[in-house]
Amino acid sequence: MTENGKNESDHIAEARAKVLEAALPLVVFDGWTDRTLADAVLDSGVDPGLSRMAFPRGGVDLALAFHNAGDRALAERLEEADLTDLRYSDRVARAIEMRLEIIAAEREAVRRAVALFALPVHAADGARAIWQTADTIWQGLGDSSEDINWYTKRMTLSAVYSSVVLYWLGDDSPDWQSTREFIDRRIENVMQFEKVKSAVRSSPLGRAFEAGPGRLLDRVRAPDAMREDLPGWWPKRP
């Protein structure tokens, strides 16, 4: 611990927040680039050495810091929100809307981030970021799945959320009404898929699969914590 009671991680987190705040007005012009990062470091007054520790890969880490900040804000909002009166599908829809509300004032920054993570070299970072958002939503809604459903829920929601963001970026309707309707349609599509999947499982062919090759899926377990190698791993059993 340092003299003021903060450790190195605390200082890095503070530096990251200050640089990100200074960077947001610049991203509109230069995107999530190393140049934006350098200018933001100067504007924020953060020590250059500390900034290199906070953003070791430059602009892409700055973009990820922006995304991560949004997920942390979403986790806080979900913890405070009372969604118990809503249907489960409506809770998911509301959580997605909350995430959009958090970034509403920074739409151009989001657009620039989407363009950055569409590049092949950063596609894996983008996929992990979307997966993290899906995981944040499911955790905030109290998901308790520990088997293959842990993965399928996040995989499905990742696809829904990423498509919603792309739609939202081009939505000029009042109060994002078109985006809200799009969210409802996408979730309804997922619900229809779940119904079909349930019907297949209850069919003779589905039961045969469950009794045979499908038993391998019983070995899949949710990870104990968020990891760099998500979506997870295949644990060994005795």
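Structure: above.
All figures in this text were calculated on a predicted structure; none of them were measured in a lab. (Residues numbered from 1 in each chain as written. Predicted model: local features only at pLDDT ≥ 70, side-chain atom pairs only at ≥ 80, totals over all residues. Heavy atoms only, no water.)

Draft legend 1. Spatial organisation of the nonpolar core. V19, W32, L62, F66, I96, L100 and L157 are the most contacted members of the largest nonpolar core, which totals 55 residues. Among the secondary structure elements, those contributing two or more residues to this core are α1 (8-30), α2 (34-44), α4 (59-80), α5 (88-103), α6 (107-117), α7 (123-140), α8 (148-169) and α9 (177-202). The greatest single-element share of this core, amounting to 9 residues, is contributed by α1. With sequence-adjacent residues up to four places away left out, L157 is seen in contact with V92, I96, A134, I137 and W138. (Core = buried A, V, L, I, M, F, W, Y, C linked by side-chain atoms within 4.5 Å. Buried < 20%, exposed > 50% of the residue type's maximum accessible area, 1.4 Å probe, protein only. Helix = DSSP H or I, 4+ residues; strand = E, 2+ residues; numbered from the N terminus. Contact = heavy atoms within 4.5 Å.)

Draft legend 2. Spatial organisation of the side chain of S173. Residue placement: S173 occurs in the loop between α8 and α9. Residue classification places S173 among the buried residues on the basis of a relative accessible area of 16%. Among the polar contacts listed, one links the side chain of S173 to the side chain of D171, at a separation of 2.7 Å. (Polar contact = N/O pair within 3.5 Å; in protein donor to acceptor, adjacent residues only side chain to side chain.)

Draft legend 3. Seen up close, the side chain of R99. Along the polypeptide, R99 turns up in helix α5. We classify R99 as buried; its relative accessible area is 1%. Aside from chain neighbours lying at most four places away, what touches R99 is H67, G70, D71, L74, T133 and Y161.

Draft legend 4. Broad picture of unusual backbone geometry. With phi around 55°, D175 is a residue other than glycine that occupies positive phi space. The class for D175 is exposed, based on a relative accessible area of 55%. A positive phi angle is found at W176, which is not glycine, with a value near 55°. The class of W176 is buried, set by a relative accessible area of 16%.

Draft legend 5. Examining the packing of aromatic side chains more closely. Applying the stated rule across the entire model yields 6 aromatic pairs. When the centroid spacing of 6.0 Å and the interplanar angle of 20° are considered together, the rings of Y88 and W138 count as stacked. With a gap of 50 residues between them, Y88 in helix α5 and W138 in helix α7 connect regions that are remote in the sequence. For Y88, a relative accessible area of 35% gives the class partly exposed. Assessed through its relative accessible area of 9%, W138 is described here as buried. The interplanar angle of 5° and the centroid separation of 4.4 Å between the aromatic rings of Y167 and F182 together place this pair among those described as stacked. In this pair, Y167 sits in helix α8 while F182 sits in helix α9, placing the two residues 15 residues apart along the sequence. Here Y167 falls in the partly exposed class, since its relative accessible area comes to 31%. Among the aromatic residues, those joined into a ring-pair cluster are W131, W150 and Y151. In this structure, R107 packs its charged tip against the face of W168, placed 4.7 Å from the ring centre. For the cation-ring pair, K153 lies above W138, with the distance from its terminal atom to the ring centre recorded as 5.1 Å. (Phe/Tyr/Trp six-rings, centres within 6.5 Å; stacked < 30°, edge-to-face > 60°. Lys NZ or Arg CZ within 6 Å of the ring centre and 35° of its normal.)

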